[in-house]
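Chains, contacts and geometry: an overview
Now for the letters of each chain:
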Amino acid sequence: MSNNKETFGKTVGFVFAVCIVCAALVSVSAVQLKPRQVANKLLDKQTLVLEAAGLQDKAAGNIVATYNKYVEARMIDLETGKFVEGNPDLFEERRNARDPKKSEKLANDPAGINRQANEAVIYLVHDDAGKVASIVLPIVGSGLWDLMYGYVGLEADLNTVKNVVYSDHKETPGLGAEVMNPKWKALWPGKRIYNGKGEPVVNLVKGGADANDVHGVDALSGATLTSNGVTRTLQFWFGEQGYKPFIAANRGSL
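Predicted model, so just to flag it, every value in this text is computed and none were measured.

**Quick notes on unusual backbone geometry**
- In this structure, N114 is a non-glycine residue whose phi angle is positive, near 75°.
- Within the secondary structure, N114 sits in the loop between β3 (103-105) and β4 (115-117).
- Given the relative accessible area of 39%, N114 is considered partly exposed.

**Description of the pairing of strand β5 (residues 119-126)**
- Where burial is concerned, most of β5 is hidden: 7 out of the 8 residues are buried.
- When strand β1 (residues 71-77) meets β5, the two strands line up antiparallel, connected through 7 bridges. Looking across to β5, one finds that D77 is bridged to E119.
- As judged from the 4 bridges shared by β5 and strand β6 (residues 132-142), these two strands associate in the antiparallel manner. Looking at β6, one finds that Y123 is bridged to V136.
- Hairpin connection, β5 to β6: the antiparallel pair is bridged by 5 residues, and G130 has positive phi, about 90°.

**As for the nonpolar core**
- Counting residues in each nonpolar core, the largest one holds 39 residues, and the members touching the most others are L154, W188, F238, Y243 and I247.
- Among the elements of the structure, β5, β6, β7 (147-155), β8 (161-168), α5 (224-237) and α6 (244-250) are those that each provide at least two residues to this core.
- With 5 residues, β6 is the single largest residue contributor to this core.
- Not counting the four nearest positions on each side in its chain, F238 is found in contact with L137, V152, L154, I193, Y194, P200, Y243, K244 and I247.
- One finds L48, V49, A117 and V165 within the second-largest nonpolar core, a separate group that totals 19 residues.

**Focus on the sheet that holds β6**
- Taking strand neighbours across the sheet as the criterion, the 6 strands line up as β2-β1-β5-β6-β7-β8 in an open arrangement whose pairing is antiparallel. The sheet is open, and its two edges are formed by β2 (83-84) and β8, each paired on a single side.
- Against the sheet, helix α2 (residues 63-70) engages β1 and β5, with an angle of about 60° to β1.
- Along the sheet face, α5 touches β6, β7 and β8 and points at about 125° away from the line of β6.

**Considerations on a nonpolar patch on the surface**
- Together, L144, W145 and L225 make up an exposed nonpolar region whose accessible area comes to about 330 Å².
- As for its placement among the helices and strands, W145 is situated in the loop between β6 and β7.

**Remarks on the packing of aromatic side chains**
- Scanning the model with the defined rule gives 7 aromatic pairs in all.
- Ring centres 5.3 Å apart and planes at 90° place the aromatic pair F236 and W237 in the edge-to-face group.
- Ring pairing ties together the aromatic residues Y194, F236, W237, F238 and Y243, which thus form one cluster.
- For R74, the ring lying beneath its charged end belongs to F83, and the centroid distance is 4.0 Å.
- We note R94 situated over the ring of Y149; from NZ or CZ to the ring centre the distance is 3.7 Å.

**A few points about α5**
- Helix length check: α5 (14 residues) gives 20 Å between terminal C-alpha atoms against 20 Å at 1.5 Å per residue, within 8%.
- T226, S227, G229, V230, T231, T233, L234, F236 and W237 are the residues of α5 that are buried.

**Some points on the confidence of the model for the protein chain**
- In the predicted model, the protein chain carries a mean pLDDT of 90, and the fraction of residues at 70 or more is 87%.
- Within the protein chain, the element-level pLDDT minimum falls on helix α1 (residues 2-52), averaging 70, and the maximum on strand β9 (residues 203-205), averaging 98.

Reading guide: rules and limits
- Each chain has its residues counted from 1, following the order in which its sequence is written.
- Under the rules for a predicted model, residues below a pLDDT of 70 receive no local features and side-chain atom pairs below 80 are neither given nor counted, while totals for whole chains, interfaces and linings still include all residues.
- Where side-chain values are given, they derive from all heavy atoms of the structure, hydrogens and water being excluded.
- Only runs of H or I of at least four residues qualify as helices and only runs of E of at least two qualify as strands under DSSP, and these elements are numbered from the N terminus.
- The buried label goes to any residue with under 20% of its type's maximum accessible area, the exposed label to any with over 50%, and the partly exposed label to all in between, with areas taken from a 1.4 Å probe on protein chains only.
- When DSSP finds at least two bridges between two strands, those strands are taken to pair.
- In plain words, nonpolar cores are sets of buried Ala, Val, Leu, Ile, Met, Phe, Trp, Tyr and Cys residues tied together by side-chain atoms within 4.5 Å.
- Contacts: residue pairs with any heavy atoms within 4.5 Å of one another.
- Axis angles are defined between N-to-C directions and span 0 to 180 degrees, where every axis is a line fitted to C-alpha atoms and, for a helix, only to the segment in contact.
- In this scheme, patches are assembled from residues that exceed 30% relative accessible area and form no salt bridge. Like charges are connected within 9 Å, while nonpolar side chains (Val, Leu, Ile, Met, Phe, Trp, Tyr) are connected within 5 Å.
- All accessible areas in this document rest on Shrake-Rupley with a 1.4 Å probe, and a residue is counted as covered only by the protein chains that are shown.
- A carboxyl oxygen of Asp or Glu within 4 Å of a side-chain nitrogen of Lys or Arg is what we treat as a salt bridge.
- Two rings from Phe, Tyr or Trp (for Trp, the six-membered ring) form a pair when their centres are within 6.5 Å of each other. A pair whose planes differ by under 30 degrees is stacked, one over 60 is edge-to-face, and the rest are tilted.
- Put simply, a charge is over a ring when the Lys NZ or the Arg CZ is close to the ring centre, within 6 Å, and near the line of the ring normal, within 35 degrees.
- What a helix should span is 1.5 Å times the count of its residues minus one.
- Residue-level confidence of the predictor is what pLDDT reports, using numbers from 0 through 100.

Laid out in structure tokens, this is it:
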């Protein structure tokens, strides 16, 4: 009987020791890989910002160098539209949107995001002469299955679209996931966010937008809910609750 207890005790001890060693190895690996993970996340963001700004060709050789040469990341207060102090590289919209001290629960929530961070990072993109040639603005809103994250690049007039680039979504392949299709993304350049009254009327048109429709883009075939989500997201973020205060305050002065 004692031999059985001794054997059982040794087994439990061995298993416990293995668990401790494995936990230690996982912890050490996580700590060692953290800087690389942070760097890769930053590189992904820089790549997307350059694509939204139409600089992906220039960045073919070196993403980081191109980004550092042309892009200036700044933080703004969404309510006032004014620039605020902060480190754009450390800002995390998803984390801040969950923090009641750094976000607001939306009563009017057409984009379906529930809470909105009080601040945002915007990207001023300069030309070779140092003049602001375009601006890139992050967006987030509900698709069919979950939130969809992306970037909108605008010309210096803060109205004409350069590119719309989605980066993170859970939409259905072949349907809503067509937001990643280069053919659909190619429909965006030259479209306009606002009408003559300053209203954000950009939208996805079921059945296809008219060739003369400067505000309309073809909806995603077979993905009505995703298309509606994109429309609501864009109109929300370029409305009063989004970037409109910033755009109104800075149009013609950047």
